[in-house]
Amino acid sequence: MLLALIAEAPSHGYEIIKAIEDRLGGSYSPSPGVIYPTLTLINELGFATVSESGGGRKLYTITEEGGAHLAENKPVVDAVFARMQRASAATAGGRSPQVVRAIENMKTALRLRLSRGPLGDTEAQAIADALDAAARAIERA
């Protein structure tokens, strides 16, 4: 999929992340930890070249070998893009910005709390109770 996006237009990693997010209607954005290692692999396989484009940003451009590999795998790539389009259509209008923000806030709060160290039984139960109460409220909404 990344190779197909690069084939559409030479791109920076951030542009690829945004392209995927856009194709999924904002419902998912891949992390840099997924995209950049994959771009490095694509480069190492000879499927793309990398050039500096200023400010330390790397511009990825498909190679002839990458184009051939992409052509060989066209059915798979087409299927992935079709799934992305269906996912985007399924969530179109279904995610309000307020809900997306609240979901991200909840994930961040949990991640930050869990990174501080192990939970005691009381803390774990309090967090589970809060999440269960939120789930019940959402089901009623």
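The following paragraphs examine the structure supplied in this document. Just so it is clear, the model here is predicted, and its values are computed rather than measured.

What counts, and where the lines are drawn
- Residues numbered from 1 in each chain as written.
- Predicted model: local features only at pLDDT ≥ 70, side-chain atom pairs only at ≥ 80, totals over all residues.
- Heavy atoms only, no water.
- Patch = residues over 30% accessible without salt bridge, like charges linked within 9 Å, V, L, I, M, F, W, Y side chains within 5 Å.
- Areas by Shrake-Rupley, 256 points an atom, 1.4 Å probe, with all protein chains shown as cover.
- Salt bridge = Lys/Arg side-chain N within 4 Å of Asp/Glu carboxyl O.
- Helix = DSSP H or I, 4+ residues; strand = E, 2+ residues; numbered from the N terminus.
- Expected span 1.5 Å × (residues − 1).
- Buried < 20%, exposed > 50% of the residue type's maximum accessible area, 1.4 Å probe, protein only.
- Arc of directions from axis to C-beta.
- Contact = heavy atoms within 4.5 Å.

Bringing a nonpolar patch on the surface into the picture now. On the surface, Met1, Val76 and Val80 cluster together into a nonpolar patch covering about 220 Å² of accessible area. When you line up the elements, methionine 1 lands in the segment before helix H1 (2–8).

A few words on helix H3 (residues 32–44). Along its 13 residues, H3 runs 18 Å from first to last C-alpha, staying within 8% of the 18 Å computed at 1.5 Å per residue. Where H3 is concerned, the buried positions are Ile35, Leu39 and Ile42. Angular distribution of buried residues about the axis of H3 spans 60 degrees; they occupy a single face of the element. In H3, the exposed residues that point more than 90 degrees away from the buried face are Gly33 and Glu44. Close packing links the buried residues of H3 with H1, helix H2 (13–23), strand E1 (48–52) and strand E2 (58–62). The positive-phi residue at the C-terminal boundary of H3 is glycine 46, with phi of around 85 degrees.

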